Amino acid sequence: MTLVVLAVALVGSACSSTDGEPGAQGLDDSFYPNMGNGGYDVLHYEIDLDIDPAANTIQALATVTSRATQDLSAFNLDLSGLTVAEVQVNGSDAEFSRSGTELVIEPASSLASDTEFSTSVSYSGSPEPVVDPGVPFGLGWHHSEDTIYTVSEPSGSMSWFPSNNHPTDKATFEIRITVPATSTAASNGVLVEEISANGYTTTTWRMDDPMASYLAAVYVGDFERIETRQPGSPLIRDYVPRNSPAEIVEALSITPQAISYFEDLLGPYPFDAYGTIVLPLELGFALENQTLSVHGRYTIDPMIIAHEIIHQWLGNSSTLDDWSETWLHEGFATYLSIMYMSEHHEWDLNEQTDEWHEYLTADGSIPPMEIENSEMFDVSVYLRGALTLHALRGLVGETVFSDILRTHYEQSANSNTNTAEFLAVVTQLAGAAAAELVESWLYDDPMPPL
Ligand code: TRP
Ligand code: ZN
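Residues numbered from 1 in each chain as written. Chains lettered and ligands numbered in written order. Predicted model: local features only at pLDDT ≥ 70, side-chain atom pairs only at ≥ 80, totals over all residues. Heavy atoms only, no water.

Chemist: For the pattern of salt bridges, give the residues involved together with the corresponding values.
Modeler: Taken as a whole and assessed by the stated rule, the structure comprises ten salt bridges. Note that Asp 222 and Arg 242 form a salt bridge whose closest N and O atoms lie 2.8 Å from each other. Remark: Arg 242 occurs in the loop between β18 (235-241) and α2 (246-252) and Asp 222 occurs in the loop between β16 (218-221) and β17 (223-228); sequence separation between them is 20 residues. A relative accessible area of 45% means that Asp 222 is categorised as partly exposed. Residue classification places Arg 242 among the partly exposed residues on the basis of a relative accessible area of 39%. The residue Glu 398 makes a salt bridge to Arg 393 at a minimum N-O spacing of 3.1 Å. For Arg 393, a relative accessible area of 19% corresponds to the buried category. (Salt bridge = Lys/Arg side-chain N within 4 Å of Asp/Glu carboxyl O. Helix = DSSP H or I, 4+ residues; strand = E, 2+ residues; numbered from the N terminus. Buried < 20%, exposed > 50% of the residue type's maximum accessible area, 1.4 Å probe, protein only.)

Have a look at this one:
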C-alpha cells in the first residue's frame, strides 16, 4: 500500500514538473519588447543554407540547441517571412504556428527546466528585409546586382534564420552555405571546410565564441579572398570584389596595425579571425558583423575601418543588454577610432572633439541615454557618446582613463553590459564626481561644455 502511494506520488510529481508553461514571447527590451523569447537559452545554432543567388531563394535547415530555463510547454523563435515546412524538437515532430515574427513551437512533450533540447526548423523562400523603427532602411537579407548580403543590426537576422533574436542570448554558430561554384560565400568565424561537387560549393564557417544574432552574416557574390598572416596578429581574411582597384586592398592593409593598437588599449583581440568584406555596392554605411565587418564602396576609410574593428571588443564581445544603450557601442567606437587616428594617421584629437562639440551645439544634440527608438544611431549617439569619454579622460587623466576602459571591457567581455555597470567602474576607479560628469553628458539638456 505504502509503495503504491509512493509510486503515484512520484509519477504525479514527475508529470507536474514537466507540464510547464509557454515561454514569454519577448524579453522586455525597452525599444523591442517582443524581440527575443523567454524560457530558454540558446547554446548553439547550426544553419544550413542552400542559396540560389540568381533567384534569390533559400532552402534551409536551422538546428538550435538550447537549455530550458523553466518547464516549457511551448516556446517561440523569431522568424520573419519565409515558409516553414517542418519543426522537430528532440527529433519528434512539433506543432507550430506563425504570428507576426513569432514562430510558436509546441513540442510533443513538455521540456523540463535546465535540460538541453534541440529544435530543427526546415524553411525556404525568398528572404525579405525587415522594417525596423531603429534604422531608416530594411534590415537583414538583401539581394542586389548578383550579390547577396546581410546587414542586420538590430532586428534583421530573423529575415534569414529563426533565433532568440536579442543580444542577451549569445551562442556559438556553425553556418554552412551551398552556392553555385561560380560564386564565393563568406560568413562569420573560421572557414573550416570547403567542398566542391557537381557545380556547387559548400563552405562551413564556425564561430566558436558567443555571438549575438544581429552579428551573424552571409555574403554571396564574386569575391576574392585575401589572407594576411602576421606574427602576433589574428588570421586576417578580407573579401573584395574580384578585380578591385589596388586602392581597396591597400586601404584594408591598416588592419593589423589597428588591431594591435586596440589590443594595447583593451586586451587581446577577442576572436579567432578578422576581416572586412567590401561589397561592390555604393553603400554609405559599414557594420561590425562578428569577425567580418561589411563596408560599401563609400566607407573604405581608415577611421571607419578602425571603428568596425573596435566594435569587435566593444559591441561584439562586450555587448549592450538593452537596445536603448547604443552609445555603449557607438560612442566608444567613435572615440577610440579618433584616438587611433591621432596616434597613427596624424589627426588632431582636440581639434576633432572641438569641432564635434561645436557641431552638436549648433545643431542641437540629444543626450545619448535619452534617445527614442528612431534615434538609436543618431549622430548624437556617436559624437556626444565620444565626447562623454573625452570629457572623462580630461578629468581623470590618461592612466585612470585607460584603467576604466580596460576594466569596463574585461568585466563584460564575452557577455553583456549596461551604462549602470560602466558608471560603477568609473565610480570605483575615479570617484563619484567623475561618474556625475559622465551622467551629465549622457542625460542632461543642454550638453555640458567641453
Ligand atoms: N553599428 C553600425 C556602425 O558601426 C551602424 C549600424 C546600425 C548599421 N545598424 C546598421 C549599419 C544596419 C548598417 C546596417 O556604426
Ligand atoms: Zn559603430
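Chemist: Tell me what's going on with the nonpolar core, and back it up with residues and numbers.
Modeler: Across soluble globular proteins, nonpolar side chains show a tendency to be buried alongside one another. Formed by 125 residues in total, the largest nonpolar core has its most connected members in Leu 49, Ile 51, Tyr 123, Phe 262, Leu 336 and Phe 422. It is helix α5 (residues 327-344) that contributes the most residues to this core, ten residues altogether. (Core = buried A, V, L, I, M, F, W, Y, C linked by side-chain atoms within 4.5 Å.)

Chemist: An account of the pairing of strand β15 (residues 200-211) is requested, with residue identities and associated values reported.
Modeler: Note that strand β12 (residues 171-180) and β15 share nine bridges and pair antiparallel. Across the sheet, residue Thr 178 finds its bridge partner in β15, namely Thr 202. Connecting the antiparallel pair strand β14 (residues 190-197) and β15 is a turn made up of two residues, with Asn 198 showing a positive phi of about 50°. (Pairing = 2+ DSSP bridges.)

Chemist: Would you mind going over the sheet that holds strand β6 (residues 92-93) in detail, with residue names and values included?
Modeler: On the basis of which strands lie adjacent, the open sheet formed by eight strands has the order β6-β5-β9-β3-β2-β12-β15-β14 and mixed pairing. In the strand order of this sheet, the two ends are held by β6 and β14, each with one partner. Across seven bridges, the pairing between β14 and β15 is antiparallel. Residue pairing for β15: Val 190 is matched across the bridge by Arg 206.

Chemist: Hey, could you go over the side chain of Glu 263 for me, with residue numbers and the actual values?
Modeler: Topologically, Glu 263 is positioned in helix α3 (residues 255-266). The buried charged residue Glu 263 lacks any salt bridge partner; its closest oppositely charged side chain belongs to Arg 406, at an N-O distance of 9.4 Å. Beyond its immediate sequence surroundings of up to four residues, Glu 263 is in contact with Gly 232, Pro 268, Tyr 269, Trp 313 and Arg 406. (Lys, Arg positive; Asp, Glu negative; His and termini not counted. Contact = heavy atoms within 4.5 Å.)

Chemist: Describe the site of ligand 1, naming the residues involved and giving the relevant values.
Modeler: If you check the shell around ligand 1, you find 15 residues, and the closest are Glu 153, Glu 288, Glu 308, Glu 330 and Tyr 382. Contacts to ligand 1 include His 311, whose side-chain N or O atom sits 3.4 Å from an oxygen atom. Within the side chain of Glu 330, one N or O atom sits 2.9 Å away from a nitrogen atom of ligand 1. Here ligand 1, which alone exposes 370 Å², has 93% of that area covered by the protein. Contributions of two or more residues to the shell around ligand 1 are made by β21 (286-287) and α4 (302-313). Here the shell around ligand 1 is built from residues that sort into nine nonpolar, two polar and four charged. (Near = heavy atom within 4 Å. Polar contact = N/O pair within 3.5 Å; in protein donor to acceptor, adjacent residues only side chain to side chain. Areas by Shrake-Rupley, 256 points an atom, 1.4 Å probe, with all protein chains shown as cover. Nonpolar A, V, L, I, M, F, W, Y, C, P; charged D, E, K, R; others polar.)

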